[in-house]
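Per-entry structural report
Listed below are the residues making up each chain.
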Amino acid sequence: MLGLGGLLAGSPVVAQTRPEDTEVWKPAPAVVTPASQVGGAPSDAVVLFDGDDQDEWVSTQDKSPAAWTVADGVLTVNKARGNIETRRSFRDYQLHLEWRIPADIAGAGQARGNSGVFLASTGPGDRGYELQILDSHDNPTYVNGQAASLYKQHPPLANASRKPGEWQTYDVVWRAPVFGADGTLISPATATVLHNGVLVQDNAVLAGDTVYIGKPAYRPHGPAPIKLQAHGDPSAPISFRDIWVRELPPRR
């Protein structure tokens, strides 16, 4: 009968360690002061809209100063002036924005409070990667085009929409696509989204730019602006407030 010593002879020896042997002290994470109120901008955020002006935004069409409407701390879409986008370009980031469908919204389907936030604007018009904004509280439409969808690519995991007239939040972690020097795709874009605090996109992998017709595909690009859409549907324009972004280091 094989003794205990024989059984242990061929087994790896488990090293005995102190708790200190598995403690990591450096480098220490950067200190970030959170906002005093939930949803507010932390100390390292770039504030894109705080209710005062549109200085951080330009027209997507010609890069002239943004000309939407600011009143009572709210930024309202001016459909006649088209999309706006940030003056600055970003790669990976955390984004917070709040949006509201008018209480008296009319229309149905995609013609009811339609807008969007393009997580990277890759060109004029609606080029880029769109996170859909729409009244989806009681408004059926195709599920990969409802609120919180990554338009025409990923339906949301849940419909967390509030009623028209109530403020809604998007909190997004965006990881931009990475391209090689020759333009080949090394890693695709991903997006994690919370809608009103509910997880609706869980590290969703995008297949390329948003397209209305056909299949998405990647085109090489670098850091890009964040874009807000002035959609051409006939319903009343929507509004935004409290928009900020935190730049993130590349994923390791």
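Here, the structure is the one placed above.
A brief look at the structure comes next. (Residues numbered from 1 in each chain as written. Predicted model: local features only at pLDDT ≥ 70, side-chain atom pairs only at ≥ 80, totals over all residues. Heavy atoms only, no water.)

**Remarks on the overall build of the chain**
The test is simple: Strands are runs of DSSP state E lasting at least 2 residues, helices are runs of H or I lasting at least 4, and numbering of each runs from the N terminus. Radius of gyration: over C-alpha atoms. The globule rule applied is 2.2 Å multiplied by the number of residues raised to the 0.38 power. Burial classification: accessible surface area is computed with a 1.4 Å probe over protein chains only, and a residue below 20% of its type maximum counts as buried, one above 50% as exposed, and the rest as partly exposed. Using the Shrake-Rupley algorithm and a 1.4 Å probe, accessible areas are obtained, with residue cover drawn only from the displayed protein chains. Neither His nor the chain termini are counted; the positive set is Lys and Arg, and the negative set is Asp and Glu. Charged side chains are reduced to one point each, which is NZ for Lys, CZ for Arg, CG for Asp and CD for Glu.
The helix and strand tally for the chain stands at one helix and 15 strands. Relative to the globule expectation of 18 Å for 252 residues, the C-alpha radius of gyration of the chain, 23 Å, shows a markedly less compact shape. Seen through its principal axes, the chain has C-alpha atoms that stretch 85 × 45 × 40 Å. A total of 252 residues make up the chain; the buried ones form 43% of that total. Summed over all atoms, the accessible surface of the chain reaches about 13,500 Å², with 55% contributed by carbon and sulfur. Positive and negative side-chain charges of the chain, numbering 22 and 27 respectively, have mean locations separated by a distance of 4 Å.

**Observations concerning the nonpolar core**
Inclusion rule: Definition used in this section: a nonpolar core is a set of buried Ala, Val, Leu, Ile, Met, Phe, Trp, Tyr and Cys residues joined via side-chain atoms within 4.5 Å. Contact definition: two residues touch when any of their heavy atoms are within 4.5 Å.
By size, the foremost hydrophobic cluster in this structure holds 46 residues, and its most contacted members are Leu95, Leu119, Tyr170, Trp174, Leu228 and Phe240. If we ignore the near neighbours within four places in the chain, the residues touching Leu119 are Tyr93, Leu95, Tyr129, Leu131, Leu150, Val172, Trp174, Ala191, Pro225 and Ile226.

**Looking at the sheet that holds strand 7 (residues 115–121)**
Stated precisely, the cut-off is as follows: Two strands are counted as paired when DSSP detects at least two bridges linking them.
Reading across from one edge, 2-5-14-7-8 is the order of the five strands in this open sheet, with antiparallel pairing throughout. With one partner strand each, in any of the chains shown, strand 2 (57–59) and strand 8 (128–133) form the two edges of the open sheet. In this sheet, strand 14 (residues 227–228) lies alongside strand 5 (residues 84–86) in antiparallel orientation, the contact comprising two bridges. Residue Glu85 lies in a different strand from strand 14, and its bridge partner there is Lys227.

**A look at the pattern of salt bridges**
Condition: Criterion for a salt bridge: a side-chain nitrogen of Lys or Arg within 4 Å of a carboxyl oxygen of Asp or Glu.
Under the defined criterion, the tally for this structure stands at ten salt bridges. Notably, a salt bridge pairs Asp21 with Arg18, separated by 3.0 Å at the nearest N-O pair. The exposed category is assigned to Arg18, whose relative accessible area is 53%. Where Glu98 meets Arg241, a salt bridge forms, and the shortest distance between an N and an O atom there is 2.7 Å. Separated by 143 residues along the polypeptide, Glu98 in strand 6 (residues 93–100) and Arg241 in strand 15 (residues 239–247) bring together distant segments of the chain. For Arg241, a relative accessible area of 27% translates into the label partly exposed. Bridged by salt links that share partners, the residues Glu98, Arg241 and Asp242 form one connected network.

**A closer look at the packing of aromatic side chains**
Here is the rule we go by: In this analysis, rings of Phe, Tyr and Trp, with Trp reduced to its six-membered ring, are considered paired at centre separations within 6.5 Å, and the interplanar angle assigns stacked below 30 degrees, edge-to-face beyond 60, and tilted for intermediate values. The rule for a charge over a ring is simple: NZ of Lys or CZ of Arg within 6 Å of the ring centre, and within 35 degrees of the ring normal.
For the structure on display, the rule yields seven aromatic pairs. Measuring from centroid to centroid gives 5.3 Å for Tyr129 and Trp174, while their planes differ by 50°, and the two rings are tilted. Taken together, the residues span a long stretch of sequence, with Tyr129 in strand 8 and Trp174 in strand 9 (residues 167–175) at a distance of 45 residues. The class for Trp174 is buried, based on a relative accessible area of 0%. Taken together, the ring pairs connect Tyr129, Trp174, Phe179 and Tyr218 into an aromatic cluster. Cation over ring: Lys227 sits above Phe118, and NZ or CZ is 4.9 Å from the ring centre.

**Some thoughts on the side chain of Ser149**
How we decide: Polar contact is defined as a pair of N or O atoms within 3.5 Å, subject to the rule that within protein one atom must be able to donate a hydrogen and the other to accept it, and that residues adjacent in sequence are counted only when both atoms are side-chain atoms.
Relative to the helices and strands, Ser149 resides in the loop between strand 8 and strand 9. On the basis of relative accessible area, Ser149 is assigned to the buried category, the value being 0%. A polar side-chain atom of Ser149 sits 2.7 Å from the main-chain carbonyl oxygen of Gln146. The contacts of Ser149, once residues within four sequence positions are left out, are Glu130, Leu131, Gln132, Val143, Asn144, His154, Pro155, Pro156 and Gln201.

**Describing unusual backbone geometry**
In this chain, Lys26 is followed by Pro27 through a cis amide linkage whose omega measures -5°. The backbone of Asn196 shows a phi angle near 55°, a positive value even though the residue is not glycine. Residue classification places Asn196 among the buried positions, given a relative accessible area of 16%. Notably, Asn203 is not glycine yet its phi reads approximately 50°, a positive angle. In this structure, Asn203 sits in strand 13 (residues 198–205). Judged by relative accessible area, Asn203 falls into the partly exposed class, the value being 38%.

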